[in-house]
Every structure is written in structure tokens, then in C-alpha cells.
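Spelled out from the first residue to the last, the chains are:
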Amino acid sequence: MKKVAILVDGGFYRKRAGHVKGHVTPKERAEELHEYCRRHLKERSFGKGQPVYDELYRIFYYDCAPISKQVYHPLTQRTIDFGKSELKEWTESFFTELAKMRKVALRLGELSDGGANFNLKPAITKQLLSGKKDISNLEEKDFSLSFQQKGVDMRIGLDIASLSFKKQVDKIILIAGDSDFVPAAKMARREGIDFILDSLGNPIKESLSEHIDGRKSCDDDYRNHQQNNKTN
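Residues numbered from 1 in each chain as written. Predicted model: local features only at pLDDT ≥ 70, side-chain atom pairs only at ≥ 80, totals over all residues. Heavy atoms only, no water.

> Please explain the pairing of strand 5 (residues 70-73) as it appears in this structure.
Looking down a regular strand, the side chains alternate between one sheet face and the other. Here strand 5 shows a clear split, with Val71 and His73 buried on one side and none of Gln70 and Tyr72 buried on the other. Between strand 5 and strand 6 (residues 78-81), which pair antiparallel and follow one another directly, the connecting turn spans 4 residues, one of which, Gln77, has a positive phi of 55 degrees. (Buried < 20%, exposed > 50% of the residue type's maximum accessible area, 1.4 Å probe, protein only. Helix = DSSP H or I, 4+ residues; strand = E, 2+ residues; numbered from the N terminus. Pairing = 2+ DSSP bridges.)

> Just to check I follow, could you spell out unusual backbone geometry for this structure?
Trans is the prevailing form of peptide bonds, just as negative phi is the prevailing case for residues other than glycine. Phi is positive for Lys103, close to 60 degrees, though the residue is something other than glycine. With respect to the secondary-structure elements, Lys103 resides in the loop between helix 3 (86-99) and strand 7 (104-111).

> Looking at this structure, I do not really get the packing of helix 1 (residues 10-21) against helix 2 (residues 26-39). What am I missing?
In helix packing, the relevant descriptors are the interaxial angle and the interaxial distance, both defined with respect to the helix axes. In contact at an axis separation of 12 Å, helix 1 and helix 2 are set at 100 degrees when each is read in the N-to-C sense. Of the possible angle classes, the one that applies to helix 1 and helix 2 is roughly perpendicular. Taken together, the residues of helix 2 that come into contact with helix 1 (itself represented by Tyr13, Ala17, Gly18 and Lys21) are Arg29, Glu32 and Leu33. When its residues are assigned to classes, the contact of helix 1 with helix 2 shows 3 nonpolar, 1 polar and 3 charged. (Axes fitted to C-alpha atoms, helices over the stretch in contact; angles between N-to-C directions. Parallel < 35°, antiparallel > 145°, perpendicular 65-115°, else oblique. Contact = heavy atoms within 4.5 Å. Nonpolar A, V, L, I, M, F, W, Y, C, P; charged D, E, K, R; others polar.)

> Got a minute to help me understand the pattern of salt bridges in this structure?
Oppositely charged side chains are able to pair whenever their charged atoms sit close together. In the structure shown here, the tally under the stated rule is 16 salt bridges. Salt-bridge contacts for Lys21 lead to Asp219; the nearest nitrogen and oxygen are separated by 2.8 Å. Here the residue Lys21 occupies a position in helix 1, and Asp219 occupies one in the loop between strand 13 (214-215) and helix 7 (220-231), the gap between them amounting to 198 residues. Under the relative-accessibility criterion, Lys21 is labelled partly exposed at 28%. Two residues, Arg39 and Asp219, come together in a salt bridge whose shortest N-O distance is 3.3 Å. Of this pair, Arg39 sits in helix 2 while Asp219 sits in the loop between strand 13 and helix 7, and the two are 180 residues apart along the sequence. Overall, Asp219 belongs to the buried group, its relative accessible area being 7%. Each of the salt bridges in this network shares a partner with another, and the network as a whole consists of Lys21, Glu35, Arg39, Asp219 and Asp221. (Salt bridge = Lys/Arg side-chain N within 4 Å of Asp/Glu carboxyl O.)

The structure is reproduced here in C-alpha cells:
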């Protein structure tokens with residue numbers, strides 16, 4: 001039996017879960033995440049006996065408080081007040097639900113004070129450049145809100161280092177996308193930590209494989225979504 005810490009890049013998880021699983025209430029999403037993390041503890045089964053579970057040290061959830069400033073939309077030419085948005089209310093309720101759960105630690109960073117703006121989605125930009133879409137046909141949904149998080153990646157790296165150097169766990173599972181976690185992963189592995197990446201079915205660079213001890217997703221929806229991405 002191994003002692004396991006599960007680290008969750010919250011912004012990535014919320015976006016990925018919403019895309020694959022659909023929209024749910026804050027309480028449902030929090031329970032979904034908690035249950036999903038606990039699936040990672042099921043290590044193996046012997047014959048027809050009961051499955052063997054690793055011990056959960058803690059679930060560390062990293063995210064930023066929701067944006068609450070006013071942002072100008074270039075297409076509609078109006079200012080949107082995110083301080084009164086449903087997204088802000090949903091996210092704050094989601095954090096509250098997570099904080100109630102056993103062995104869940106919230107690590108909240110901050111949003112950059114400036115630079116929040118609406119940008120064309122990459123796929124829409126490609127359609128415009130290829131002539132498949134005309135600028136006169138742009139819609140509000142063709143834009144996405146862009147802003148920078150501060151402190152999230154740093155907190156993930158510091159916790160990986162602390163857990164590794166203090167020998168508090170035997171295994172670290174990082175639920176994240178194709179992000180810059182390689183230095184922390186390499187350091188953890190040098191300290192003898194089993195380092196597993198769960199990208200929730202999201203493709204990652206092949207070059208990352210040499211810096212982790214394996215990949216694992218614990219839900220058919222994410223695994224099937226990954227297979228669909230490969231065939232499309």
C-alpha cells in the first residue's frame with residue numbers, strides 16, 4: 001500500500017470536465033471530482049478477491065478566485081461585469097463545496113490585475129484566415145475570455161517539492177494538461193516518488209513521457225474522448 005497525494009490543476013479540470021461531462025451544479029462537480037480522485041487509489045486486484053486501495057494523503061486543489069472585473073467585448077461593444085456573473089457565483093460555490101470535503105486542501109492563487117480581455121478563439125481565427133468565415137458573420141460565442149493566473153503553477157511546484165523532500169508520500173498523481181510541470185516531476189522522481197500524470201484524455205507532447213512514470217485516466221468518458229481525438 002502506497003501513500004498518495006493527488007494534485008489537481010483546477011482551471012484545467014473545470015474546463016475539461018465541463019467539455020466532456022457537461023454542465024452540472026457546483027455540489028455535483030465537487031462530488032464528481034472527489035469521487036474521481038478516489039478512483040486513483042484503486043491500485044490492483046488479486047484474482048477474484050477485493051481490490052487493493054492505496055492510502056490517500058490529501059487532495060490538493062489549485063485554482064484562482066473567479067474574475068470579478070468589468071471587461072469590454074469588442075464585438076458587442078459593451079462592458080460585461082463579471083462581478084455579477086453566474087460564473088463567479090458558480091465558482092465560489094464550487095470552492096465552498098470542495099472546502100467541506102475530507103482531506104481536500106484548496107490552494108488559491110490570484111488573477112492578474114490587468115490584461116483581461118476577449119480574444120477570438122483559435123479555431124475561428126483559422127476560419128477567418130482560410131476564408132471559411134467572414135468577419136461580418138462573427139458571433140459573441142466566437143470569442144473567449146483571456147486572463148492570466150498568478151501563483152498556481154508556483155504552488156503546484158512547491159508542493160511537489162515539499163512532498164518529495166519530506167518523504168510524505170510514495171506517489172504523486174497530477175491531474176493537469178500539457179503544462180510546464182517537467183522540472184518538478186524530474187525532481188520528484190529523483191527523490192524516488194512514483195509520478196503519474198492524468199491529463200483527463202487530453203493529448204500531451206510525446207516528449208513528456210520520459211519525465212513521468214506513467215499516465216492514467218480513471219473514467220471511460222475521458223478515455224473514450226481521447227480515442228476520438230486520435231481518430232478525428
